[in-house]
Amino acid sequence: MIDLLTDTGVPVRALVRRSEAAATLPTNIEIVTGDLTVPESLDAAMHAVSTVFLVWTAPPQTAAAVVDRLAAHAQRVVYLSAPHPFFRQPNPMAALHAEIERLIAGTGLDSTIIRPGMFASNTLLWWAAAIRADSPVRWPYGAAETAPIDDRDVAAVVARTLHEDGHAGGDYVLTGPESLSQAEQVGIIGDVLGRPIVFEDLPPDEFRRETPEAARPAVDMLLAAWNAAMGQPAYVTSTVADILGTSPRTFRQWVADHATAFTEDPHPTH
């Protein structure tokens, strides 16, 4: 996303919590340090900033103070918020996003809300290890349909809303172009790799038991969403095409561009 902004000549300042994180960022941007859990650390970073892209990665306690500081310096905030309606079952993550949206609205800041759906890249975390091992993909709710979106399309929309006029007040639900069951997604990965992949439906309770305790809230959110999605197509929007003027990438395109991630060890030994 940073490259998309700098390519248009937009000056970019990136906030990092630790200075060593700057090594992963482009060299043609300004890097500043700050911490969302220490709101006063943001003041220097906010100097002469007009628009902020906010991704909340901290506990909720300092959200109000952070939003107040944004409002004191910036004219507009683009906020990566709760996912699209597929995930709108009650859960702590959705409640936090809703509260931050409320705080932003209360300041009078112009805002643009970005609501991405299921990221196609989630499949790397979920299924790549089993696929690399030539094992069955064991997963709950195989018939639940989602509309996976390519991360690059989300980045392109965010970049466009940051540097273009006309997006204040926008509330953008972003999805991929097609509704696919989870089992169909695994099948597409197999098609691209040129070999069949077995999908086995895993009982939700077994899936929950196999999950580390720290990840339970996210897992409960996913299970509730997939259960609610059974028997109906995924929610699909035209927002990516409306904003970018080009169709979003299909899941098959995403898999083809990331095929080696399903075949090569991400941590090879030398």
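Here the structure is shown first, and the text comes after it.
Criteria and cut-off values
- Residues numbered from 1 in each chain as written.
- Predicted model: local features only at pLDDT ≥ 70, side-chain atom pairs only at ≥ 80, totals over all residues.
- Heavy atoms only, no water.
- Salt bridge = Lys/Arg side-chain N within 4 Å of Asp/Glu carboxyl O.
- Helix = DSSP H or I, 4+ residues; strand = E, 2+ residues; numbered from the N terminus.
- Buried < 20%, exposed > 50% of the residue type's maximum accessible area, 1.4 Å probe, protein only.
- Axes fitted to C-alpha atoms, helices over the stretch in contact; angles between N-to-C directions.
- Parallel < 35°, antiparallel > 145°, perpendicular 65-115°, else oblique.
- Left-handed = near helix turned anticlockwise from the far one by under 90°.
- Contact = heavy atoms within 4.5 Å.
- Nonpolar A, V, L, I, M, F, W, Y, C, P; charged D, E, K, R; others polar.
- 1 Å grid on protein atoms, 1.4 Å probe; cavity = no way out; pocket = protein on both sides within 12 Å on 5 of 7 lines; lining within 4 Å.
- Points joined across faces, edges and corners; volume = space filled by probe spheres on them.

Structural notes on the pattern of salt bridges
Any two side chains of opposite charge can pair if their charged atoms end up close together.
Then step 1. Tallied over the full model, the rule gives 19 salt bridges.
Then step 2. The partner of Asp 153 in a salt bridge is Arg 249, with the nearest N and O atoms 2.8 Å apart. Of this pair, Asp 153 sits in helix H5 (residues 151–163) while Arg 249 sits in the loop between helix H9 (239–244) and helix H10 (251–257), and the two are 96 residues apart along the sequence.
Then step 3. Linking Asp 205 and Arg 208 is a salt bridge whose minimum nitrogen-to-oxygen distance equals 3.1 Å. Here Asp 205 and its partner Arg 208 are both found in helix H7 (residues 204–209), three residues apart, which amounts to about one turn of the helix.
Then step 4. Judged by its relative accessible area of 48%, Asp 205 falls in the partly exposed class.

Concerning the packing of helix H4 (residues 122–132) against helix H6 (residues 182–193)
Then step 1. H6 packs onto H4 with a crossing angle of 55° between their chain directions and a minimal axis gap of 12 Å. Considering the angle they form, H4 stands oblique to H6. Judged by the twist between their axes, the crossing of H4 over H6 is right-handed. In this structure, H4 contributes Thr 123, Trp 126, Trp 127 and Ile 131 to the contact, and H6 contributes Gln 182, Gln 185, Val 186, Ile 189 and Leu 193.
Then step 2. Class assignment for the residues of the contact of H4 with H6 results in six nonpolar, three polar and no charged.

Details of unusual backbone geometry
Then step 1. At Asp 134, a residue that is not glycine, the phi angle is positive and equals roughly 60°.
Then step 2. As for its placement among the helices and strands, Asp 134 is situated in the loop between H4 and strand S6 (137–139).
Then step 3. Exposure remark for Asp 134: the relative accessible area of 59% places this residue in the exposed category.
Then step 4. Even without being glycine, Tyr 141 reaches a positive phi, approximately 55°.

Considerations on the layout of surface pockets
Then step 1. Of the pockets and cavities examined, the largest pocket occupies roughly 1,200 Å³.
Then step 2. Lining the largest pocket are 36 residues, with Arg 13, Ala 14, Leu 15, Val 52 and Phe 53 sitting closest to its centre.
Then step 3. The class makeup of the residues in the lining of the largest pocket is 26 nonpolar, six polar and four charged.
Then step 4. Within this model, the second largest pocket holds a volume of roughly 630 Å³.
Then step 5. Counting only elements with at least two residues in the lining of the second largest pocket, the list comes to helix H3 (92–107), H4, S6 and helix H8 (216–229).
Then step 6. The leading source of residues in the lining of the second largest pocket is H8, at four residues.
Then step 7. Split by residue class, the lining of the second largest pocket holds 20 nonpolar, five polar and two charged.

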